[in-house]
Amino acid sequence: MTRGSPRDFSRALFGAAALVLLAMVALPVGWLVATSLSGPHGPTLENYVTLFTDPTLVQPFIITLESSAAVAILCVLVAVPMGWCVARTNMPLRRLVRVLVMASLVTPPFLGAIAWELLAAPNTGFLNQLARVAFHLDRAVHPFNIYTVAGLTFVNFLYTFPYAFTFVANALERVPADLEDASAILGARSAQTLWRITLPLILPAILAGGLIAFLQSMTVFGSAAILTLPAGFHTMTTRIWSLFQFPPKPALAAAASMPILLLTLLLLRAQQLILGRKGYVVVGGKGARRAIVALGKWKWLALGFCALVLLNAIVLPYGALLDAAFVKVAPAVPTPANLTWSHLHFVFFELDATPVALWNTMILALGAATIGTALALVVGYLVARRAVRGWQLLGFLATAPLAIPSIVLGVGLFLAYTRPPLLLFGTLWIMLIAFVTIEFPAAYQQLVSVTSSIHPELEEAGRLLGATRLRVLREITSPLMRSGLVATWCFVFIGAIREISAAILLFTAPTRTIAVVIYDLNESGDTGSIAVLGLLLMVVTFTVLAVANRVPIAVTAVEEFRE
Amino acid sequence: MIERLARFAASTAVVALVCGALAPARVSSASFATVDVAKAKAEGLVVFYTSVDVSVAERLARDFQAKYGIKVQVERTGSERVFQRIGQEYGSNLHVVDVVNTSDSANFLVWKSSGWLASVPLEDIARYWPPEFRDRDATFATWRATLSPIAYNASLVKPADAPKTWADLLAPQWKSKLVKAHPAYSGSEMTADYELMKAFGWGYLQKLGAQSVMQVQSSTEPPKVLSRGEQAVMAGGNEYVVFQLQAQGSPLALVYPREGTPFETSPAAVMKDAPHPNAARLFYQYMFSKDTQQMLVDFGGLRSVRVGLKEPANRVPITRIRLFHDDPAGVLKTSDEMKTKYAQYFGT
């Protein structure tokens with residue numbers, strides 16, 4: 001090993017990883033900042049003045065903040081009891097509940113929103129029709145209206161709570177039994193133990209879950225794009241998107257992205273402070289015995305609660321989509337007279353975007369998952385082992401995209417790659433870069449923690465026997481991390497399938513994805529075709545996840561997902 | 001008033017032309033574009049950006065492929081997004097699109113002055129298209145046309161109760177019962193709203209905005225919303241999808257208000273930097289052929305400005321409808337103001 005010592009190789013690897021990360025993050029953000037300060041006559045602050053004085057920009061910001069706060073609170077209120085039931089009680093069907101929560105994580109919010117239009121459109125929505133029949137209400141009465149801020153909040157909650165749930169359930173599984181036992185020995189009732197011991201221990205996870213829910217719903221584009229127009233209001237993301245209508249105002253769009261960016265940074269910093277202080281509570285590990293609470297007859301109530309949530313997130317929406325795929329004009333109760341194959345036929349044999357878009361979606365999702373996981377493995381390993389100098393910088397760059405909402409990133413990437421030296425607009429590459437960047441922080445954080453959980457002594461043995469770091473990583477560490485890698489891969493894959501906000505800004509005719517096609521079809525109200533395409537996308541996604549895990553799908557991914 | 005009368009007179013003259021009251025124009029067969037079918041087949045593909053309803057676009061693509069064996073890649077989205085995307089793509093020197101069609105005629109003025117459109121003089125267009133429906137330099141011509149009437153779902157509204165005029169839509173009983181396309185997405189809606197604004201002033205749109213109107217993007221969607229029964233009355237949307245849905249048995253009815261009905265032309269053009277120039281020209285020629293134009297009318301429910309076509313008997317002939325005529329230059333001048341004011345009145 002005289003030629004090119006392992007250490008040198010690490011440095012080269014570090015250099016390459018840092019450059020890639022820098023390009024991924026710094027380039028679009030740099031262009032964003034520069035553009036936001038540009039005007040027709042040179043540098044200006046005018047865009048920021050407009051931002052704070054134009055009511056059509058201020059109002060969406062307020063709506064977005066209120067709605068996101070409500071989503072965060074709802075997510076916490078639902079995720080904590082649900083996580084507890086699944087992780088710490090003898091509630092029946094716990095495994096099924098986990099699988100269905102996973103299914104709701106996989107569901108793209110735009111698809112959920114379209115399904116909820118079928119369920120709760122004020123006049124024809126299934127639930128409104130049902131309520132009118134059940135309570136003999138007039139047609140003018142509509143108990144449910146999805147075209148409202150509350151409607152959007154509800155849909156965002158349904159497809160965001162799985163994040164909070166995962167955080168909480170995982171944290172609950174890691175709470176060691178000895179503290180709770182001690183509390184019980186000292187005479188506390190189980191409710192008291194739960195309140196005084198368990199909940200405080202998982203508080204950081206609850207906060208993190210609420211924060212992720214807030215950030216997700218602040219930056220979501222798909223569901224907002226579907227629901228806000230008929231409702232007659234804008235959120236921040238749809239407003240930014242509308243700034244690209246003719247005549248496009250990229251400078252104002254860039255400026256409008258800044259509050260979201262700053263707020264995200266601020267919240268992440270706040271989370272770090274809170275988690276940093278409470279860091280000591282992460283006690284014990286997998287070895288510790290988990291106490292399972294016997295719920296007695298309450299277990300049915302617990303199951304009922306979980307079922308209610310999943311009914312809204314999965315059962316009803318997918319039922320409505322299935323209905324829309326096969327009836328002539330949805331929503332309608334299927335009868336032999338109104339069933340049709342025409343939507344199926346249209347999507348598979350007439351709509352010529354289907355094969356191209358399905359192919360692009362799969363290539364992008366598989367590519368983003370593989371490249372994202374590989375890059376995250378290298379960076380995560382270097383950081384977790386502190387294998388190179390400057391590992392802190394790497395870590396920072398790897399988490400930075402979390403602070404960039406994807407519609408904003410789309411704007412940044414568009415600005416960055418539509419001019420020399422990198423003319424990538426119009427290729428799948430720009431979409432791939434976007435998808436990898438968006439999903440990278442989650443992959444990175446997961447692989448850092450997986451790496452940290454593997455004792456370095458095995459690697460040291462390998463190094464002593466003369467292997468390079470890269471070889472150790474390939475032949476020793478990676479095999480030990482197999483399930484963690486699969487979980488990360490699945491996570492990025494799911495994220496790429498859900499992605500629409502960057503794609504909608506970056507696609508061109510040959511590079512459209514299923515999400516974009518669904519968005520286009522929604523524009524002209526072709527609900528039947530959308531339902532077929534959406535269900536097709538979900539079938540393909542679950543097939544890929546099943547193959548990736550080989551073992552019972554998805555559950556592994558959830559169980560292995562460690563913050 | 002005089003201006004309105006003049007416009008009305010002009011539009012009736014146009015309509016007379018449309019319906020074949022006048023003979024086809026005499027043209028010299030000199031400098032028409034010659035299309036090389038063999039080269040077109042070698043290119044094998046046409047990329048078609050259009051805002052026409054996706055069922056019509058895919059039908060056209062199928063018919064063309066059946067005839068020539070050349071695939072048409074259909075990219076259907078709202079006019080304003082087609083316009084935005086071509087701007088984005090050409091701004092980045094990306095030449096993907098071969099043939100384009102939107103319902104905002106003003107788009108073509110912009111593209112033409114940017115030098116992005118090819119001049120493709122076709123015999124059919126010179127012979128059968130009235131001059132006001134074709135560009136003098138043969139860079140674009142009206143491929144299809146439609147109206148933006150009022151429509152309602154007859155199972156929700158009795159014909160006697162249905163609104164008869166644009167002013168009727170402002171009555172309290174229609175609050176929360178209206179559906180309308182959005183001018184920032186739909187070219188024909190942009191044109192229609194402009195025409196209504198010209199006729200009644202901004203105040204009309206402002207009052208309409210106060211009616212809690214359900215808004216959708218494309219002008220093809222409001223008829224579908226009516227058909228589902230989600231809303232009762234269409235305050236902005238196109239006529240041709242209503243015809244299509246009626247043909248499928250949907251209980252929709254049309255009202256041509258006596259004040260006038262917005263008329264929108266929807267041009268098509270070949271891009272100068274089309275990646276498949278020969279296939280593009282062949283497709284363009286096919287789009288303006290008699291058969292295709294008749295298909296647009298019969299299957300698509302569209303109006304054609306080609307002289308000498310037959311309209312189905314159950315449709316009100318365009319000669320009997322009082323029209324607000326479109327004015328691309330006016331739309332172009334007003335479009336930014338329209339989007340801003342509209343957002344204030346309607347919330348988005």
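Residues numbered from 1 in each chain as written. Chains lettered and ligands numbered in written order. Predicted model: local features only at pLDDT ≥ 70, side-chain atom pairs only at ≥ 80, totals over all residues. Heavy atoms only, no water.

## So, the sheet that holds strand β8 (residues 233–236) of chain B
Residue and element names in this part refer to chain B. One open sheet accounts for five strands, arranged β7-β6-β8-β5-β9; its pairing is mixed. The open sheet has two edge strands, β7 (214–216) and β9 (252–255), and neither has a second partner. On average, each strand axis in the sheet is tilted by 25° relative to the strand beside it, whichever way the strands run. Here strand β5 (residues 150–153) pairs with β8 via two bridges, running antiparallel. By the bridge assignment for β8, Y152 is matched with V233. This element, helix α10 (residues 239–247), spans β5, β8 and β9 of the sheet and lies at about 145° to β9. (Pairing = 2+ DSSP bridges. Helix = DSSP H or I, 4+ residues; strand = E, 2+ residues; numbered from the N terminus. Axes fitted to C-alpha atoms, helices over the stretch in contact; angles between N-to-C directions. Contact = heavy atoms within 4.5 Å.)

## Describing the interface of chain A and chain B
Every contact between the two is made by 47 residues of chain A and, on the other side, 46 residues of chain B. Sorting the residues of chain A by area buried against chain B places L229(A), F246(A) and E523(A) first, and these three jointly supply 19% of that buried surface. For R512(A), the salt bridge goes to E75(B), with nearest N and O atoms at 2.8 Å. Within the residue set of the side of chain A that touches chain B, elements represented by two or more residues are α11 (222–231), α15 (342–350), α23 (503–506) and α24 (514–523) of chain A. The residue inventory of the side of chain A that touches chain B, partitioned by class, reads 25 nonpolar, 14 polar and eight charged. (Buried area = accessible area lost by both parts, 1.4 Å probe. Salt bridge = Lys/Arg side-chain N within 4 Å of Asp/Glu carboxyl O. Nonpolar A, V, L, I, M, F, W, Y, C, P; charged D, E, K, R; others polar.)

## Brief notes about the packing of aromatic side chains
Residue and element names in this part refer to chain B. Under the counting rule described, the total for this entry stands at 26 aromatic pairs over all chains. When the centroid spacing of 5.6 Å and the interplanar angle of 45° are considered together, the rings of F108 and F140 count as tilted. Placement of F108 in helix α5 (residues 105–113) and of F140 in the loop between α6 (123–128) and β4 (141–147) is noted, with a sequence separation of 32 residues between them. Residue F108 shares its accessibility class with F140, and that shared class is buried. Relative to F346, the ring of Y342 lies with its centre 4.0 Å away and its plane at 10°, an arrangement referred to as stacked. In this pair, Y342 and F346 are both assigned in helix α13 (residues 328–346), four residues apart and thus about one turn of the helix distant. Clustering of aromatic rings is evident, with ring pairs tying together F48, F64, Y68, W143, F283 and Y286. The ring of F346 carries the charged tip of K180 above its face, separated from the ring centre by 5.5 Å. Geometry around Y128 places R306 over its ring, the cationic atom sitting 4.1 Å from the centre. (Phe/Tyr/Trp six-rings, centres within 6.5 Å; stacked < 30°, edge-to-face > 60°. Buried < 20%, exposed > 50% of the residue type's maximum accessible area, 1.4 Å probe, protein only. Lys NZ or Arg CZ within 6 Å of the ring centre and 35° of its normal.)

## Description of a nonpolar patch on the surface
On the surface, V33(A), L37(A), L45(A) and V49(A) cluster together to form a nonpolar patch covering roughly 330 Å² of accessible area. Take V33(A): it is sitting in helix α1 (residues 6–36). (Patch = residues over 30% accessible without salt bridge, like charges linked within 9 Å, V, L, I, M, F, W, Y side chains within 5 Å. Areas by Shrake-Rupley, 256 points an atom, 1.4 Å probe, with all protein chains shown as cover.)

## Regarding helix α8 (residues 202–209) of chain B
Given 3.6 residues per turn, any residue in an α-helix points the same way as the ones three and four places further on. Residue and element names in this part refer to chain B. When we look at burial in α8, the residues that qualify are W202, Y204, L205, L208 and G209. The arc enclosing the buried residues of α8, seen along the axis, measures out at 160°, which places them on a common side. Each element contacted by the buried residues of α8 is listed here: β6 (178–181), α7 (187–200), β8 and α13. (Arc of directions from axis to C-beta.)

## Concerning the domain arrangement of chain B
Residue and element names in this part refer to chain B. Each assigned domain of chain B is listed with its residue range as follows: domain 1 (33–144 + 266–308) and domain 2 (147–263 + 322–346). Taking the mean C-alpha position of each, domain 1 and domain 2 sit 27 Å from one another. Listed by partner, the interface residues are 23 residues for domain 1 and 26 residues for domain 2. Between domain 1 and domain 2 lies a buried interface of about 1600 Å² when both sides are counted; carbon and sulfur atoms form 56% of it. Together, D53, E80 and R303 form the three largest contributors to the area buried by domain 1 at its contact with domain 2, with a combined 32%. (Domains from an automatic or database assignment.)

## A look at unusual backbone geometry
Following A330(A), the chain continues to P331(A) via a peptide bond in cis, the omega torsion being -5°. Position of P331(A) relative to the elements: it lies in the loop between α14 (298–326) and α15. A positive phi angle, close to 60°, is found at A138(B), a residue other than glycine. In this fold, A138(B) is placed in the loop between α6 and β4. If you check the backbone angles, S212(B) has positive phi at about 50° while not being a glycine. Inspection of the secondary structure assignment puts S212(B) in the loop between α8 and β7. Classification of S212(B) as partly exposed rests on a relative accessible area of 38%.

## Side note on the domain arrangement of chain A
Bring the parts together and some accessible area is lost; that lost area is often taken as the interface size. Residue and element names in this part refer to chain A. For chain A, the assigned domains are domain 1 (1–40 + 342–563) and domain 2 (45–340). The distance between the C-alpha centroids of domain 1 and domain 2 comes to 23 Å. Counting residues at the interface gives 50 residues for domain 1, matched by 56 residues for domain 2. Buried area between domain 1 and domain 2, summed over both chains or domains, comes out near 4800 Å², and the portion from carbon and sulfur atoms is 75%. Run the count over domain 1 and domain 2 and you get zero salt bridges. Elements with a contribution of two residues or more to the side of domain 1 that touches domain 2: α1, α15, α18 (406–416), α22 (482–498), α23, α24, α25 (527–549) and α26 (555–560).

## Regarding the pattern of salt bridges
Using the criterion set out here, one finds 25 salt bridges over all chains in the structure. Where R471(A) meets E475(A), a salt bridge forms, and the shortest distance between an N and an O atom there is 3.4 Å. Highlighted residues: R471(A) and E475(A), both in helix α21 (residues 469–480), separated by four residues, approximately one helical turn. When its relative accessible area of 44% is taken as the criterion, E475(A) is described as partly exposed. Across the pair K224(B) and D53(B) runs a salt bridge whose closest N-O atoms are separated by 3.0 Å. With K224(B) in helix α9 (residues 221–228) and D53(B) in the loop between β1 (45–50) and α3 (54–68), the pair connects residues that are 171 residues apart, well separated along the chain. In this structure D53(B) comes out as buried when scored by relative accessible area, which is 3%. Overlapping salt bridges bring together R512(A), D520(A), E523(A), E75(B), R76(B) and R81(B) as one network.

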